[in-house]
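Structural overview
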Amino acid sequence: MSKFTTDSGIEIQRVYEPKDRPVEEPGQFPFTRGVHAEMYRSKLWTMRQYAGFSTAEESNKRYHYLLSQGVMGLSVAFDLPTQIGYDSDHALAEGEVGKVGVAIDSLEDMQTLFSGIRLEDVSTSMTINATGYILLSLYVALARQQGADLKKLTGTIQNDILKEYAARGTYIYPPKPSMRIITDIFAYCNTDVPKWNTISISGYHIREAGSTAAQELAFTLANGKAYCQAAMSQGLDINKFGQRLSFFFNAHNNFFEEIAKFRAARRMWARITQELGATDARAQMLRFHTQTGGSTLTAQQPLNNVTRVTLQAMAAVLGGTQSLHTNGYDEALSLPTEQAAKLALRTQQIIGYESGAVDSVDPLAGSYFVEQLTDEIEEKAWKYIHHIDGMGGSVSAIEQGYMQEEIARASYDYQRKIESGEKIIVGVNKFTEKEPPLSDLPRIDDSIRKVQSDKLAALRAKRDNTAVKQSLTALRDATVDGSNIMPHVIHAVEQYATLGEVADTLRAIYGEYQG
């Protein structure tokens, strides 16, 4: 090859020479070298394993297993009906209940999901967006039932609706009312659940949709800027809510580019928040969770994915992640088996306890290559952000289809390179062979929908339906008059209003977004 480039099109030079650079220390602005002075020398990243499937009962068993194996925090996957605000017995839920995550229809399901788990004692991440306000309300309601101190609850809801419009598609309401819901969550948690991360601004799904690393970085930070501006327009203090923002990035295949991306992200966010008026260092810090690249997993020769996941996880660690999920090697074929999930966790533990990668803070600092690559990916990302600013910000850019078109173009180019053989994927377009399929893969059948529907019928028969109706009316009124909806949603789910009933209350006011 006469020319070498990263996946973002940055040309790789044969060698790199030293450059004059300002001396930076870990834990100090602009945090290129890490948000903490000691990083993993004082505490390893949180090892999370994303799990949720079938019923709350089955998912609860997996959570207890993962906790017994050394997982430090739970990460909940929800099924598609839960993500888009339909109860399991809704006609549009048919064929999807429990398939890509756990079905949660009511507080009863949440009680089962966390049975035997004290919410004060775990950090819980919930990958939920359009219905994030409902799932957080269910979590708070359960914590109250357990007698927990809400001020001690720790965890995250993804709650990033802008990337849904740009890359993923599980939205319900139009952008502007969706942003209002998010700022209500910010305000509520700021006073009532102060340790909760109110949003995980997600580049992960932007990358899964086919973006480059530079686009993932740029579009994610542009969305983060939009959330800050929306919150500030409602009178919220960036020095307070900014401390509870977190990010979620993809760890893809290009090892050094991914490390450079993470380092550049911290530096760029520090400058963005500073420009927005943040003066507290904790509000300027970009803290992030990482998941290894789901779209990089291959159904062909699935054991190759063990190596891919290991390299991606190492890039996340060398890039300074605060939390990490490693994918199972079989996830291109099914939900991960228990064996695959355990091996994925052990991968993190081996990196953390055996590799020595954690012994020095930002060990690749000073590498001519990594430092220049950090500069170059930052430069490409700033160009995108300045363009988005010129369009009026992320909401406007999404409404005009700009981000979607850029992602689609990058995805097409990446796939074209694979099909032409320009980009090699081992076991897919080179070094291929016939092999027997993996056996004993889990399958979720449609009987789960009947199980959930029967639960819903029993719940509606025994709850106080007058109290439910009154709580939903109060929610409707708060939505119309501009009051913070969160206390009303929490009250409604405590009366055992279902997820679909709450989501429909706002649907009746806001309508549905037609992307």
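Residues numbered from 1 in each chain as written. Predicted model: local features only at pLDDT ≥ 70, side-chain atom pairs only at ≥ 80, totals over all residues. Heavy atoms only, no water.

What follows covers the packing of helix H4 (residues 132–146) against helix H20 (residues 499–510). Contact pair H4 / H20: the axes reach a minimum separation of 10 Å and the direction vectors enclose 135°. The angle between H4 and H20 falls in the class oblique. As for the relative orientation of H4 and H20, their crossing is right-handed in sense. Only Leu499, Val502, Ala503 and Leu506 of H20 make contact with H4, whose side of the interface consists of Tyr133, Ile134 and Leu135. Residue classes in the contact of H4 with H20 are distributed as seven nonpolar, no polar and no charged. (Axes fitted to C-alpha atoms, helices over the stretch in contact; angles between N-to-C directions. Helix = DSSP H or I, 4+ residues; strand = E, 2+ residues; numbered from the N terminus. Parallel < 35°, antiparallel > 145°, perpendicular 65-115°, else oblique. Left-handed = near helix turned anticlockwise from the far one by under 90°. Contact = heavy atoms within 4.5 Å. Nonpolar A, V, L, I, M, F, W, Y, C, P; charged D, E, K, R; others polar.)

Before going further, it helps to spend a moment on the sheet that holds strand E8 (residues 288–292). Backbone hydrogen bonds hold the strands of a sheet together, and the pairing may be parallel or antiparallel. Read across the open sheet, the nine strands follow the order E5-E4-E3-E2-E1-E9-E8-E7-E6; overall the sheet is parallel. Unpaired on one side and paired on the other, strand E5 (196–197) and strand E6 (199–202) mark the two borders of the sheet. In the packing of helix H1 (residues 56–68) onto the sheet, contacts are made with strand E1 (46–51) and strand E2 (73–77), and the angle to E2 comes to roughly 150°. Contacts from helix H12 (residues 304–318) reach strand E7 (245–251), E8 and strand E9 (323–325) within the one sheet, and its direction differs from that of E8 by about 165°. (Pairing = 2+ DSSP bridges.)

So, about the environment of Leu318. Mapped onto the elements of the fold, Leu318 is located in helix H12. The spatial distance from the C-alpha of Leu318 to the C-alpha of Pro302 is 25 Å, given a sequence separation of 16 residues. Setting aside its immediate chain neighbours within four residues, Leu318 contacts Phe255, Ile259, Ala357, Asp362, Pro363 and Leu364.

With respect to the helices, strands and loops of the structure, Asp105 is situated in the loop between helix H2 (80–83) and helix H3 (107–113). The side chain of Asp105 sits in the buried core without any salt bridge; Arg460 is the nearest counter-charge, 7.2 Å away. Among all residues touching Asp105, those that are not within four sequence positions of it are Tyr86, Asp87, Ser88, Gln452, Leu456, Thr498 and Leu499. (Buried < 20%, exposed > 50% of the residue type's maximum accessible area, 1.4 Å probe, protein only. Lys, Arg positive; Asp, Glu negative; His and termini not counted. Salt bridge = Lys/Arg side-chain N within 4 Å of Asp/Glu carboxyl O.)

The full count for this structure, using the stated rule, is 35 salt bridges. One salt bridge in this structure joins Arg263 and Glu371, with 3.3 Å as the shortest N-O distance. You can see Arg263 sitting in helix H10 (residues 255–276) and its partner Glu371 sitting in helix H14 (residues 368–390), a full 108 residues away along the chain. For Arg263, a relative accessible area of 1% gives the class buried. Across the pair Asp413 and Lys417 runs a salt bridge, and its minimum N-O distance is 3.5 Å. Residue Asp413 and its partner Lys417 are located together in helix H16 (residues 402–420), separated by four residues, close to a single helical turn. Judged by relative accessible area, Asp413 falls into the partly exposed class, the value being 29%. Here the salt bridges do not stand alone but share partners, grouping Arg21, Arg267, Arg271, Asp375 and Glu378 into one network.

Note on strand geometry: in a regular strand, side chains alternate between the two faces of the sheet. The buried fraction of E2 is high, at five of five residues. Inspection of the sheet shows E1 paired to E2 by four bridges, in the parallel sense. Considered in E2, the bridge of Gln49 is made with Leu74. Since E1 and E2 lie parallel, the crossover through H1 that links them has a hand, and here it is right-handed. (Right-handed = clockwise from strand over helix to strand, strands pointing away.)

Right, let's talk about a nonpolar patch on the surface for a bit. A contiguous nonpolar surface patch, about 290 Å² in accessible area, is contributed by Ile424, Val426 and Phe431. Topologically, Val426 is positioned in the loop between H16 and helix H17 (447–462). Here Val426 falls in the partly exposed class, since its relative accessible area comes to 37%. (Patch = residues over 30% accessible without salt bridge, like charges linked within 9 Å, V, L, I, M, F, W, Y side chains within 5 Å. Areas by Shrake-Rupley, 256 points an atom, 1.4 Å probe, with all protein chains shown as cover.)

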